[in-house]
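If you want the building blocks of each chain, they are given just below.
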Amino acid sequence: MSEPFSVPVTVRGYETDVQGHLNQAVYLNYAEHARWSLLRAAGISQSALIGSGVGPVALETTIRYLRELLAGDEAEVTCAFFWSGGKTFRIEQSVVKTDGTVAAEISAVGGVLDLEKRKLVADPAEVFRKLASDPSLFGL
């Protein structure tokens, strides 16, 4: 995949903190929004996941704040999946202002949970391959 998947966001006033910049917790919401948007773009719905007895899970998330975002700022939230061949995968995301300035970098480790066994599935890439109408969006 040459360019990572991305979605636009506009910082809303109520998402800012007392300093006037985007509250730290909202970055997680933006990242989650981009991940679910990628799933939908690839043809995977929440109901399809549940119907298959699986669900994506976040195991670790790190946010590196680089530049502030203010109310009214517009940005793109990118999302790219990287597969290791094990039970987990990495998701690398950036929040990029319209002028190209990177406001934050978000790195996550995820997996796919078997909802009945409550354990990670052995091959999460295969789950995404089977459920997606466009697995190339996941780099598969």
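The residue numbers shown here count from 1 along each chain, following its written sequence. With pLDDT at 70 or above as the cut-off, local features in this predicted model cover only qualifying residues; side-chain atom pairs require 80 or more to be listed or tallied, and sums for whole chains, interfaces and linings still use all residues. Note that the side-chain values use all heavy atoms of the structure and ignore hydrogens as well as water.

1. Looking at the overall build of the protein
Right, so step 1: Helix and strand counts for the protein stand at three helices and six strands.
Right, so step 2: Secondary structure follows DSSP: runs of H or I at least 4 residues long count as helices, runs of E at least 2 residues long count as strands, and numbering of each begins at the N terminus. Along the chain direction, N to C, the helices and strands of the protein fall in the order β-α-α-β-β-β-β-β-α.
Right, so step 3: Its C-alpha radius of gyration of 16 Å places the protein within 12% of the 14 Å reference for a compact globule of 140 residues.
Right, so step 4: In terms of overall dimensions, the protein has a C-alpha envelope of 45 × 30 × 25 Å along the principal axes.
Right, so step 5: Positive charges come from Lys and Arg, negative ones from Asp and Glu, while His and the chain ends are left out of the count. Note that the charge is assigned to NZ on lysines, CZ on arginines, CG on aspartates and CD on glutamates. Looking at the protein, you have 13 positive and 17 negative side-chain charges, and the mean spots of the two groups are 8 Å apart. Radius of gyration: C-alpha atoms only; globule rule: 2.2 Å multiplied by the number of residues to the exponent 0.38.

2. Some points on the pairing of strand E1 (residues 5–10)
Right, so step 1: The alternating pattern of E1 places Phe 5, Val 7 and Val 9 on a buried face, while none of Ser 6, Pro 8 and Thr 10, on the opposite face, is buried.
Right, so step 2: In short, DSSP must find at least two bridges between two strands for them to pair. Pairing of E1 with strand E3 (residues 74–83) involves six bridges; the strand directions are antiparallel. Among the inter-strand pairings, Ser 6 is bridged to a residue of E3, identified as Thr 78. Exposure is judged per residue with a 1.4 Å probe applied to protein chains only, and the accessible area is read against the type maximum: over 50% gives exposed, under 20% gives buried, and values in between give partly exposed.

3. Some points on the packing of aromatic side chains
Right, so step 1: Pairing of aromatic side chains here covers Phe, Tyr and the six-membered ring of Trp, requires ring centres within 6.5 Å, and sorts the geometry by plane angle: under 30 degrees stacked, over 60 edge-to-face, intermediate tilted. Tallied over the full model, the rule gives nine aromatic pairs.
Right, so step 2: Put simply, the rings of Phe 81, Trp 83, Phe 89, Phe 128 and Phe 138 touch in pairs and so form one group of aromatic residues.

4. A closer look at the nonpolar core
Right, so step 1: Membership of the largest hydrophobic core comes to 37 residues, with the highest contact counts inside it found for Phe 81, Val 95, Phe 128 and Phe 138.
Right, so step 2: Where this core is concerned, the elements lending two or more residues are E1, helix H1 (24–41), strand E2 (54–65), E3, strand E4 (88–97), strand E5 (102–114) and helix H3 (124–131).
Right, so step 3: The element contributing the most residues to this core is H1, with eight residues.
Right, so step 4: Look past the residues within four positions of Phe 138 in its chain and what remains in contact with it is Leu 38, Leu 39, Ala 42, Ile 44, Phe 81, Trp 83, Phe 128 and Ala 132. Here the nonpolar core consists of buried residues drawn from Ala, Val, Leu, Ile, Met, Phe, Trp, Tyr and Cys, with membership extended through side-chain atoms lying within 4.5 Å. Any pair of residues with heavy atoms lying within 4.5 Å of one another is described as a contacting pair.

5. Focus on the layout of surface pockets
Right, so step 1: Estimated volume of the largest pocket: approximately 200 Å³.
Right, so step 2: In terms of lining, the largest pocket is formed by 14 residues, of which the most central are Glu 32, Arg 35, Pro 56, Val 57 and Ile 91.
Right, so step 3: Counting only elements with at least two residues in the lining of the largest pocket, the list comes to H1, E2, E4 and E5.
Right, so step 4: Per-element accounting of the lining of the largest pocket gives the leading share, four residues, to H1. Space inside and on the surface of the protein is sampled on a 1 Å grid over the protein atoms alone, with a cavity defined as a set of points where a 1.4 Å probe fits but cannot get out and a pocket as an open set with protein on both sides within 12 Å along at least 5 of 7 lines; lining residues have an atom within 4 Å of a point. Grid points are joined across faces, edges and corners, and a volume is the space filled by probe spheres set on the points.

Honestly, it's all geometry; don't read function into it.
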